[in-house]
Amino acid sequence: MEIPYTVAERPDTGLNNGKIGIWLFLASEVMLFGALFATYLMMRTGAVAGSWPRGDSILNVPLATVNTVVLISSSVTMVMAWASLKRNNFAKFRLFQGLTVLAGFGFLGIKYVEYSTKFHHGLFPSTNTFLAIYFTLTGLHGLHVIGGMAINAYLWGPGAKLWKTDPEHFTNRVENSGLFWHFVDLVWIFLFPVLYLL
Amino acid sequence: MGNHDSHADIDKTVKTYIIVFVSLLVLTMVTVAVSRLHLPVAAAVAVALVVASIKGTLVAGYFMHLLSERKLIYWVLGFTVAFFLAVLLLPLWTHFDPIIN
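Residue indices begin from 1 for each chain and proceed along its sequence in written order. Following the order in which they are written, the chains are lettered starting with A and the ligands numbered starting with 1. With pLDDT at 70 or above as the cut-off, local features in this predicted model cover only qualifying residues; side-chain atom pairs require 80 or more to be listed or tallied, and sums for whole chains, interfaces and linings still use all residues. Side-chain measures here rest on the full set of heavy atoms in the structure, leaving out hydrogens and waters.

Draft legend 1. Looking closely at the overall build of chain B. Of the regular secondary structure elements, chain B holds three helices and zero strands. Put simply, DSSP H or I for four residues or longer makes a helix, DSSP E for two residues or longer makes a strand, and each gets a number counted from the N terminus. Listed by position from the N terminus, the elements making up chain B come as α-α-α. Along the first, second and third principal axes, the C-alpha set of chain B runs to 70 × 40 × 10 Å. Each residue is assigned to one of three classes by its accessible area relative to the maximum for its type, calculated with a 1.4 Å probe on protein chains only: buried under 20%, partly exposed between the two thresholds, exposed over 50%. For chain B, the residues scored as buried account for 34% of the 101 residues in total. For this analysis, residues touch if any pair of their heavy atoms sits within 4.5 Å. Contacts spanning at least 24 positions in sequence make up 64% of the contacts within chain B whose residues lie at least 6 apart. Carbon together with sulfur atoms contributes 75% to the accessible area of chain B, which is approximately 6,400 Å² in total. Each accessible area value is a Shrake-Rupley result obtained with a 1.4 Å probe; residue values ignore everything except the protein chains displayed when judging cover.

Draft legend 2. Inspection of the interface of chain A and chain B at higher detail. The interface is formed by 55 residues belonging to chain A together with 49 residues belonging to chain B. A 1.4 Å probe defines the accessible area here, and the buried area is the portion of it lost by two parts on being joined, summed over both. Taken together, both faces of the contact between chain A and chain B bury some 4,500 Å²; the carbon and sulfur share is 75%. When the area that chain A buries against chain B is broken down by residue, the three leading residues are Trp23, Lys86 and Arg87 of chain A, summing to 14%. In what follows, salt bridge is the name for a side-chain nitrogen of Lys or Arg lying within 4 Å of a carboxyl oxygen of Asp or Glu. At the boundary of chain A with chain B, the tally comes to three salt bridges. The salt bridge partner of Glu69 of chain B is Lys19 of chain A, with a shortest N-O separation of 2.6 Å. Under the rule applied, a polar contact is a pair of N or O atoms within 3.5 Å (in protein, one hydrogen donor and one hydrogen acceptor; residues adjacent in sequence only if both atoms are side-chain atoms). Here chain A and chain B share six residue pairs in polar contact (both at pLDDT 80 or more) between them. The set of elements that each furnish at least two residues to the side of chain A that touches chain B consists of helix H1 (17–46), helix H2 (61–86) and helix H6 (167–197) of chain A. Looking at the side of chain A that touches chain B element by element, the count peaks at 17 residues for H1 of chain A.

Draft legend 3. Main features of helix H1 (residues 7–35) of chain B. Each helix should span, by expectation, one fewer than its residue count multiplied by 1.5 Å. Here H1 of chain B spans 42 Å end to end across 29 residues, near enough to the 42 Å set by a 1.5 Å rise per residue. For H1 of chain B, every residue scored as buried is listed here: Ile10, Thr13, Val14, Tyr17, Val20, Leu24, Leu27, Thr28, Thr31, Val32 and Ser35 of chain B. Tucked into the core, H1 of chain B has its buried residues touching H2 and H6 of chain A together with helix H2 (41–63) of chain B.

Draft legend 4. Quick peek at the environment of Trp188 of chain A. Residue and element names in this part refer to chain A. Looking at where Trp188 falls in the secondary structure, it is placed in helix H6. Here the alpha-carbon distance between Trp188 and Leu137, two residues 51 residues apart in the chain, equals 9.7 Å. What Trp188 contacts, discounting residues up to four positions off in sequence, is Ala64, Asn67, Thr68, Leu71, Phe107, Lys111, Thr138, His141, Pro193 and Tyr196.

Draft legend 5. Inspection of unusual backbone geometry at higher detail. The phi dihedral of Tyr5 of chain A is positive, around 55°, even though this residue is not glycine. Residue Tyr5 of chain A is classed as partly exposed on the basis of its relative accessible area, which comes to 35%. Here His38 of chain B, not a glycine, exhibits a phi torsion of approximately 50°, which is positive. With respect to the helices and strands, His38 of chain B occurs in the loop between H1 and H2.

Draft legend 6. Main features of the packing of aromatic side chains. All names here are of chain A. The aromatic pairing rule takes the rings of Phe, Tyr and Trp, using the six-membered ring of Trp, and pairs them if the centres are within 6.5 Å, calling planes under 30 degrees apart stacked, those over 60 edge-to-face and the rest tilted. Applying the stated criterion to the full structure yields 20 aromatic pairs over all chains. When the centroid spacing of 5.8 Å and the interplanar angle of 85° are considered together, the rings of Tyr40 and Trp52 count as edge-to-face. You can see Tyr40 sitting in helix H1 and its partner Trp52 sitting in the loop between H1 and H2, a full 12 residues away along the chain. One exposure class covers both Tyr40 and Trp52, and it is buried. The rings of Phe107, Tyr115, Phe119, Phe124, Tyr134, Phe135, Trp188, Phe192 and Tyr196 are connected pair by pair, giving a single aromatic cluster. In this analysis the charged atom, NZ for Lys or CZ for Arg, is taken to sit over a ring once it is within 6 Å of the ring centre and within 35 degrees of the ring normal. Directly above the aromatic system of Trp156 lies the positively charged group of Arg94, at a separation of 5.2 Å from the ring centroid.

So yeah, pure geometry; function would need other evidence.
Take a look at the structure:
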């Protein structure tokens, strides 16, 4: 059975099903990260005065700044990939979608350097509550980056076959995967100052 | 974003994406620069969160097309924001109203 309303808008919602589905999913994601941000807030306000470290005294701010730029850039390439499909330029889509996936690898590579340096210095999630929440939040965010990369790589590769048979449906898929990717970027925009700079 | 945008609309939108991109880069540098001033904690938190919120609004508004979305999405997000604030702020009451033996 074919999934209905993948391209046409449902009369009652005014949206195609994929669009409303991804937004509902993102709403649940906001609550998932919200719970962890609340945990951070509780642990920080509950810590003995003066015992909570400033992020930049433990973490590598220059590397995280580069990662912020990488992720922001990947959001632009993602939206450019979608815009290329809207302009019927599949070659450009492939280029921008490929760059988005590569940026994901770049982000994870830098995160790997950060994590391994911490472990090398004997800094683990069990070391203190700051590192516990740092590794939990950035670890969960990293898993989202991997998930987004998998979807984007699929749409760059085998999933792109749909462009030949149903270009509008394919364009909607790219838009929806883009919404997830931008959300991952948005979470990082808050994680960066909260964990590294305050 | 609607399904029937013309090429001209898309060209205009792409220009906006570039402007948003540059703004995000500048705001990232502002965040890092301000953190080096070592402001008092309350001021540092306020500045960092305001800048992050501006960046978040730019990403959501332009890259996620929220500025031109359907009403239903706004309703979904309205509820999400309300519950997000609840999950973030309600536990703090326990901090400001502790049980003292």
